[in-house]
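Breakdown of the fold
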Amino acid sequence: QLLEFLTAPPALQQPGDVKEALRHYRREWVQQALQLLALEQEDLPLRSMLPLVRSWEPPTFPVRAQDLLARGLQPGRELGDALRSLERRWVESEY
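Residues numbered from 1 in each chain as written. Predicted model: local features only at pLDDT ≥ 70, side-chain atom pairs only at ≥ 80, totals over all residues. Heavy atoms only, no water.

**A few points about the layout of surface pockets**
The line we're drawing: A cavity here means a set of 1 Å grid points, computed over protein atoms only, where a 1.4 Å probe fits but cannot escape. A pocket is an open set with protein on both sides within 12 Å along at least 5 of 7 lines, and lining residues have an atom within 4 Å of a point. Grid points are joined across faces, edges and corners, and a volume is the space filled by probe spheres set on the points. In this description a helix means any DSSP run of H or I spanning at least four residues, a strand means any run of E spanning at least two, and both kinds are numbered starting from the N terminus. Following the grouping adopted for this structure description, the nonpolar residues are Ala, Val, Leu, Ile, Met, Phe, Trp, Tyr, Cys and Pro, the charged ones are Asp, Glu, Lys and Arg, and the polar ones are all others, Gly among them.
As a volume, the largest pocket reaches approximately 190 Å³. As for the largest pocket, its lining consists of Leu2, Phe5, Leu6, Pro9, Pro10, Ala11, Leu12, Trp29, Gln32, Ala33, Leu36 and Leu37. Counting residues per element, the ones that place at least two in the lining of the largest pocket are helix 1 (2-7) and helix 3 (27-40). If you tally residues by element for the lining of the largest pocket, the top one is helix 3, at five residues. In the lining of the largest pocket, the residues fall into eleven nonpolar, one polar and no charged.

Here it is in structure tokens:
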């Protein structure tokens, strides 16, 4: 996971980017990446995003495969696609 973070770091340009990074990576990594970006980009709203890094707790995605199976979906690719689609919409709605 660290290698992924270092080779393809998240954008961290908006608060939503920070939240998404916190869902996938360690808080310390996100905070350090944000601080480094702020040195490079003076217009980065660090003052509003750094407290977010320090205090925001990523929620757990509330839908599980079992939930969709109970609604009649069958195991397989369709189930995985449905879960990914729901999660994407959940993230876009800001949880």
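Read on for the rest.
**Quick word on the packing of helix 2 (residues 15-24) against helix 4 (residues 46-55)**
Which entries qualify depends on this criterion: Between N-to-C directions, angles span 0 to 180 degrees; the directions come from axes that are lines fitted to C-alpha atoms, helices contributing only their stretch in contact. Comment on the angle field: the value is read as roughly parallel under 35 degrees, roughly antiparallel over 145, roughly perpendicular from 65 to 115, and oblique elsewhere. Here is the rule for handedness: rotate from the far helix to the near one, and if that takes an anticlockwise turn smaller than a right angle the crossing is left-handed, while a clockwise turn gives right-handed. Contacts were defined at the residue level, with two residues in contact if any of their heavy atoms lie within 4.5 Å.
Look at helix 2 against helix 4: their axes get within 10 Å of each other, and the N-to-C directions meet at 20°. The angle between helix 2 and helix 4 places the two elements in the roughly parallel class. For the pair helix 2 and helix 4, the crossing hand works out as right-handed. On the side of helix 2, the interface is formed by Pro15, Val18, Lys19 and Leu22, while helix 4 contributes Met49, Leu52 and Val53. Partitioned by chemical class, the residues of the contact of helix 2 with helix 4 number six nonpolar, no polar and one charged.

**Some thoughts on the pattern of salt bridges**
When the charged atoms of two side chains lie near each other, side chains of opposite charge can form a pair. What counts is decided by this rule: In what follows, salt bridge is the name for a side-chain nitrogen of Lys or Arg lying within 4 Å of a carboxyl oxygen of Asp or Glu.
Summed over all chains, the structure comprises seven salt bridges. Salt-bridge contacts for Arg23 lead to Glu87; the nearest nitrogen and oxygen are separated by 2.4 Å. Of the two residues, Arg23 is situated in helix 2 and Glu87 in helix 6 (residues 77-92); the sequence distance between them amounts to 64 residues. With a shortest N-O distance of 2.7 Å, Asp81 and Arg84 are connected by a salt bridge.

**Some points on unusual backbone geometry**
In terms of backbone geometry, most residues other than glycine have negative phi values and most peptide bonds are trans. This is how it is decided: Note on exposure labels: buried denotes an accessible area under 20% of the residue type's maximum, exposed denotes more than 50%, and partly exposed covers the range between, all computed with a 1.4 Å probe on protein chains only.
Even without being glycine, Leu12 reaches a positive phi, approximately 55°. By the element assignment, Leu12 lies in the loop between helix 1 and helix 2. Taking relative accessible area as the criterion, Leu12 reaches 0% and is therefore assigned buried. Although it is not a glycine, Tyr95 adopts a positive phi angle of roughly 70°. By the element assignment, Tyr95 lies in the segment after helix 6. Overall, Tyr95 belongs to the partly exposed group, its relative accessible area being 26%.

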